Amino acid sequence: MAAAAFHQPVAAVQSNRVLNNSGAHYEFRNVSMRLNPKGSKVNIQLSRNGTYGSGKRNFCLIQASASQASVVDPVSTPLNNSTGESKKKSNEAALILVRHGESLWNEKNLFTGCVDVPLTKKGVEEAIEAGKRISNIPVDMIYTSALIRAQMTAMLAMTQHRRRKVPIVMHNESELAKTWSQIFSEETMKQSIPVVTAWQLNERMYGELQGLNKQETADRYGKEQVHVWRRSYDIPPPNGESLEMCAKRAVAYFKDHIEPQLQSGKNVMIAAHGNSLRSIIMYLDKLTSQEVISLELSTGIPMLYIFKEGKFMRRGSPVAPTEAGVYAYTRNLAQYRQKLDEMLH
Ligand SMILES: O=C(O)[C@H](O)COP(=O)(O)O
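Residues numbered from 1 in each chain as written. Predicted model: local features only at pLDDT ≥ 70, side-chain atom pairs only at ≥ 80, totals over all residues. Heavy atoms only, no water.

So, helix α11 (residues 274-284)
Stage number 1. With 10 of 11 residues buried, α11 is to be regarded as a mostly interior element.
Stage number 2. Listed as buried for α11 are G274, N275, S276, L277, R278, S279, I280, I281, M282 and L284.
Stage number 3. Backbone geometry just after α11 places K286 at a positive phi near 50 degrees. (Buried < 20%, exposed > 50% of the residue type's maximum accessible area, 1.4 Å probe, protein only. Helix = DSSP H or I, 4+ residues; strand = E, 2+ residues; numbered from the N terminus.)

What about the pairing of strand β6 (residues 93-99)?
Stage number 1. Along β6, 7 of the 7 residues are buried, which leaves the element largely enclosed by surrounding structure.
Stage number 2. Of the two faces of β6, the one carrying A93, L95, L97 and R99 and the one carrying A94, I96 and V98 are both buried.
Stage number 3. In the sheet, β6 pairs with strand β11 (residues 303-308) via 5 bridges, with the strands oriented antiparallel. Pairing of L95 across the sheet is with Y305, part of β11.
Stage number 4. Of the strand pairs in this sheet, β6 and strand β10 (residues 268-272) are connected by 5 bridges, and their pairing is parallel. Bridge pairing links L97 to I270 in β10. (Pairing = 2+ DSSP bridges.)

Overview of the confidence of the model for the chain
Stage number 1. A residue-level look at the chain finds 65% of positions with pLDDT of 70 or above and a mean pLDDT of 74.
Stage number 2. Counting contacts from residues 1-87, a segment whose pLDDT is below 50, to residues more than four positions away or on other chains yields 200 contacts.
Stage number 3. Segment residues 317-331 is flagged for pLDDT under 50; beyond a separation of four residues in sequence, or across chains, it makes 58 contacts in the model.
Stage number 4. With a pTM of 0.72, the predicted complex shows an ipTM of 0.96. (pLDDT = per-residue confidence, 0-100. Contact = heavy atoms within 4.5 Å.)

Looking at the sheet that holds strand β8 (residues 166-169)
Stage number 1. The strand order across the open sheet built from 7 strands is β8-β9-β7-β10-β6-β11-β12, with neighbouring strands paired in mixed fashion. For this open sheet the edge positions go to β8 and β12 (311-315), each flanked by a neighbour on one side alone. Put simply, the sheet's adjacent strands are angled 25 degrees from each other on average, direction ignored.
Stage number 2. In terms of strand pairing, β11 meets β12 through 5 bridges, oriented antiparallel. By the bridge assignment for β12, Y305 is matched with R314.
Stage number 3. Helix α5 (residues 148-158) contacts β6, β7 (141-145), β8, β9 (192-198) and β10 of the sheet and is inclined by roughly 150 degrees relative to β7. (Axes fitted to C-alpha atoms, helices over the stretch in contact; angles between N-to-C directions.)

Describing the packing of aromatic side chains
Geometry of an aromatic ring pair is reported as the spacing of the ring centres plus the angle between the planes.
Stage number 1. A full pass over the atoms with the stated rule returns 6 aromatic pairs.
Stage number 2. Judged by centre distance (6.1 Å) and plane angle (70 degrees), the ring pair of Y143 and Y253 falls under edge-to-face. Within this pair, whereas Y143 is found in strand β7, its partner Y253 is found in helix α10 (residues 243-263), the two being separated by 110 residues in sequence.
Stage number 3. Using a relative accessible area of 8% as the deciding quantity, one classes Y253 as buried.
Stage number 4. Judged by centre distance (5.4 Å) and plane angle (70 degrees), the ring pair of Y221 and W229 falls under edge-to-face.
Stage number 5. For W229, a relative accessible area of 9% corresponds to the buried category.
Stage number 6. One aromatic cluster in this structure is built from F254, Y283, F307 and F312.
Stage number 7. Note that R204 overlies the ring of Y206, its terminal NZ or CZ placed 4.4 Å from the centroid.
Stage number 8. Over the face of the ring belonging to F111 we find K214, whose NZ or CZ atom lies 5.2 Å from the ring centre. (Phe/Tyr/Trp six-rings, centres within 6.5 Å; stacked < 30°, edge-to-face > 60°. Lys NZ or Arg CZ within 6 Å of the ring centre and 35° of its normal.)

Section: the UniProt feature "site: Transition state stabilizer" (unreviewed entry) in the chain
Stage number 1. Under the local residue numbering, the UniProt record ascribes the feature "site: Transition state stabilizer" (unreviewed entry) to H273.
Stage number 2. Inspection of the secondary structure assignment puts H273 in the loop between β10 and α11.
Stage number 3. Residue class for H273 comes out buried when judged on its relative accessible area of 0%.
Stage number 4. When neighbours within four sequence positions are excluded, H273 is seen to be in contact with R99, H100, S145, L147, R149, A150, L201, N202, E203 and R278.
Stage number 5. A polar atom in the side chain of H273 sits 2.7 Å from the side chain of S145. (UniProt positions renumbered as here; feature names shortened; annotations may be inferred. Polar contact = N/O pair within 3.5 Å; in protein donor to acceptor, adjacent residues only side chain to side chain.)

A word on α5
Stage number 1. Along α5, the residues that are buried comprise R149, A150, T153, A154, L156, A157 and M158.
Stage number 2. Buried residues along α5 sit in contact with β6, α4 (121-133), β7, β8, β9 and β10.

Some words on the pattern of salt bridges
Stage number 1. Counting across every chain of the model gives 7 salt bridges.
Stage number 2. Across the pair K178 and E175 runs a salt bridge, and its minimum N-O distance is 3.6 Å. One end of the pair is K178 and the other is E175, both in helix α6 (residues 175-180) and 3 residues apart, which spans about a single turn.
Stage number 3. With a relative accessible area of 37%, K178 lands in the partly exposed category.
Stage number 4. Among the ionic pairs, R249 bridges to E241, the shortest N-O distance being 2.5 Å. Both residues of the pair, R249 and E241, count as buried. (Salt bridge = Lys/Arg side-chain N within 4 Å of Asp/Glu carboxyl O.)

See the structure below:
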């Protein structure tokens with residue numbers, strides 16, 4: 001059933017067709033978005049290069065490439081005026097979520113939380129790869145956490161974007177910072193993408209586990225205990241934040257600051273963290289506190305939502321929120337899950 005929708009590889013896949021294929025998990029690799037000349041509709045173009053799996057755990061791998069699909073370059077559509085700015089009248093907006101690429105402490109298997117650690121070389125590559133996958137989707141606003149690994153990911157991803165707009169970090173921490181970072185050219189402003197950094201999108205604070213090795217912690221306190229700290233919804237690690245606590249600030253920020261941008265038709269990218277994004281996805285997909293436990297996010301894999309008429313519609317994620325599973329199924333994630341399983345059993 002899921003495969004049926006993707007048997008039309010080049011045609012625009014209508015949102016409800018994708019969503020109606022219950023039971024399917026799928027990952028989007030590259031999606032192109034085009035506003036039609038009247039600016040009233042967004043077409044998402046996907047093409048399929050393979051499906052596998054059966055029964056409840058049916059995965060579709062979707063890959064669109066310039067050679068396969070009629071990928072529309074938004075830069076060259078008639079919509080665009082001389083400044084490259086799209087005149088979008090549609091009330092639809094795209095929301096891209098991406099977990100930062102691998103950090104130096106992910107590599108060392110250390111609890112990181114709010115410690116501000118940069119990306120590894122692999123993380124840099126993952127961020128660039130993420131950028132390639134979303135390079136055709138116009139981005140109007142970027143939100144990142146206050147942490148460098150999310151900011152690096154957003155910036156590196158944008159180096160791949162076809163529009164070549166310049167992401168510019170907003171400095172609103174003081175009046176002076178605001179004044180000193182002003183831009184005095186309207187034209188230059190149009191070629192820029194504001195990047196808003198917010199601590200509320202930070203990774204959940206891991207308390208006294210920060211800096212500890214995950215394996216050594218499991219050996220010391222027991223696998224079950226560590227699993228509770230890492231994946232329960234409302235039990236915090238010692239002096240840290242539970243997912244519930246993290247969700248409180250991340251989702252409030254999303255509702256207060258990001259949703260209004262989407263409502264006004266702006267396409268938004270959020271580069272953040274495993275747990276701040278899990279809590280935002282929990283809100284978007286109305287997952288229960290039980291369902292969110294089995295949600296794992298891979299590093300550097302963008303996920304796409306369409307915001308339309310006040311509702312969020314998933315793209316490149318499981319169709320049914322009741323399905324336990326992953327939103328971005330990759331080899332990396334499979335390895336990660338395997339390690340986790342080995343650690344816990
Ligand atoms: O903070 C960390 O250590 C990781 O980014 C997320 O860790 P987790 O998989 O234990 O939630």
